[in-house]
Amino acid sequence: MTANEHEKRPPRIVGLDVARAVAICLMILENFKVLMLGNGAEPAELVWLASLTDSRSAPLFVVLAGVGLTLLTAPARRSGDPEALRSVRWVILRRALFFHALGNIF
C-alpha cells in the first residue's frame, strides 16, 4: 500500500474492532462450553458462567457484519457512481465466496 492509498482510507473505528474481538471471544467460549462442559461432571459455577453467553455470540457477529458492510458500501452509495457500486459488489461477492469455501472446508 502506498502512502497516498493509506491517506485515502478512513480511520479505523476502535469500538467496532473491540466489538468484533468480543464476538470472536464469545464464539470461542460458546464452542468451549459445547465441547468441554457436556459430560455433566463439571463444577456448577463454571456451567453458570458459561451459560451467561448462551446464544449471544452469533447475533452479535451478524450485526457487526452488517455494520461492516454498511461502512464498506457507504462511500459508493453516497457518490451514486454505478462503477463504484459495481466494484463494491464484486468485493462483497469475493469475500462471500471465500468465506463460503472456508466454511465448507471446516
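Structure's up top.
**Student:** Describe the environment of D17, listing the residues and the values that go with them.
**Tutor:** Summarising the element assignment, D17 is placed in helix 2 (residues 14-36). Distance in space between the C-alpha atoms of D17 and L64 is 9.5 Å, their sequence separation being 47 residues.

**Student:** Describe helix 4 (residues 57-79), naming the residues involved and giving the relevant values.
**Tutor:** Here helix 4 spans 34 Å end to end across 23 residues, near enough to the 33 Å set by a 1.5 Å rise per residue. Every buried residue of helix 4 is listed here: S57, L64, G68, T73, A74 and A76. In the core, the buried residues of helix 4 are packed alongside helix 2 and helix 5 (82-105). At the exit of helix 4 stands G80, carrying a positive phi of roughly 75 degrees.

**Student:** So what's going on with the packing of helix 2 against helix 4? Which residues, and what values?
**Tutor:** Helix packing for two helices is described by the angle between their axes and how far apart those axes are. Remark: helix 2 packs on helix 4, axes separated minimally by 9 Å, with the N-to-C direction vectors making an angle of 150 degrees. One element, helix 2, and the other, helix 4, form an angle in the roughly antiparallel class. Note on packing geometry: the crossing formed by helix 2 with helix 4 is left-handed. Counting all contacts with helix 2, which are made through L16, A19, R20, V22, A23, I24, L26, M27 and E30, the residues of helix 4 involved are S57, A58, L60, F61, L64, V67, G68 and L71. Across the contact of helix 2 with helix 4, the residue classes break down as 13 nonpolar, 2 polar and 2 charged.

**Student:** Give me helix 2: which residues, what numbers.
**Tutor:** Spanning 23 residues, helix 2 covers 32 Å between terminal C-alpha atoms, matching the ideal 33 Å at 1.5 Å per step. Along its buried surface, helix 2 packs onto helix 3 (44-51) and helix 4.

**Student:** Account for the pattern of salt bridges, with residues named and values stated.
**Tutor:** Counted under the stated rule, the structure contains 3 salt bridges. In this structure, the salt-bridge partner of R12 is D17, at a minimum N-O distance of 2.8 Å. For D17, the salt bridge is made with R20, and the minimal N-O distance between the two is 3.6 Å. Within this pair, D17 and its partner R20 are both found in helix 2, separated by 3 residues, close to a single helical turn. Residue classification places D17 among the partly exposed positions, given a relative accessible area of 25%.

**Student:** So, the packing of aromatic side chains: which residues are in play, and what are the values?
**Tutor:** Within this structure, the stated rule accounts for 1 aromatic pair. Taken together, a centroid distance of 5.2 Å and an interplanar angle of 70 degrees make the contact between F98 and F99 edge-to-face.

**Student:** Lay out the side chain of S57 in plain terms, naming residues and giving numbers.
**Tutor:** Topologically, S57 is positioned in helix 4. For S57, a relative accessible area of 6% corresponds to the buried category.

Rules used in this analysis
Residues numbered from 1 in each chain as written. Predicted model: local features only at pLDDT ≥ 70, side-chain atom pairs only at ≥ 80, totals over all residues. Heavy atoms only, no water. Helix = DSSP H or I, 4+ residues; strand = E, 2+ residues; numbered from the N terminus. Expected span 1.5 Å × (residues − 1). Buried < 20%, exposed > 50% of the residue type's maximum accessible area, 1.4 Å probe, protein only. Contact = heavy atoms within 4.5 Å. Axes fitted to C-alpha atoms, helices over the stretch in contact; angles between N-to-C directions. Parallel < 35°, antiparallel > 145°, perpendicular 65-115°, else oblique. Left-handed = near helix turned anticlockwise from the far one by under 90°. Nonpolar A, V, L, I, M, F, W, Y, C, P; charged D, E, K, R; others polar. Salt bridge = Lys/Arg side-chain N within 4 Å of Asp/Glu carboxyl O. Phe/Tyr/Trp six-rings, centres within 6.5 Å; stacked < 30°, edge-to-face > 60°.

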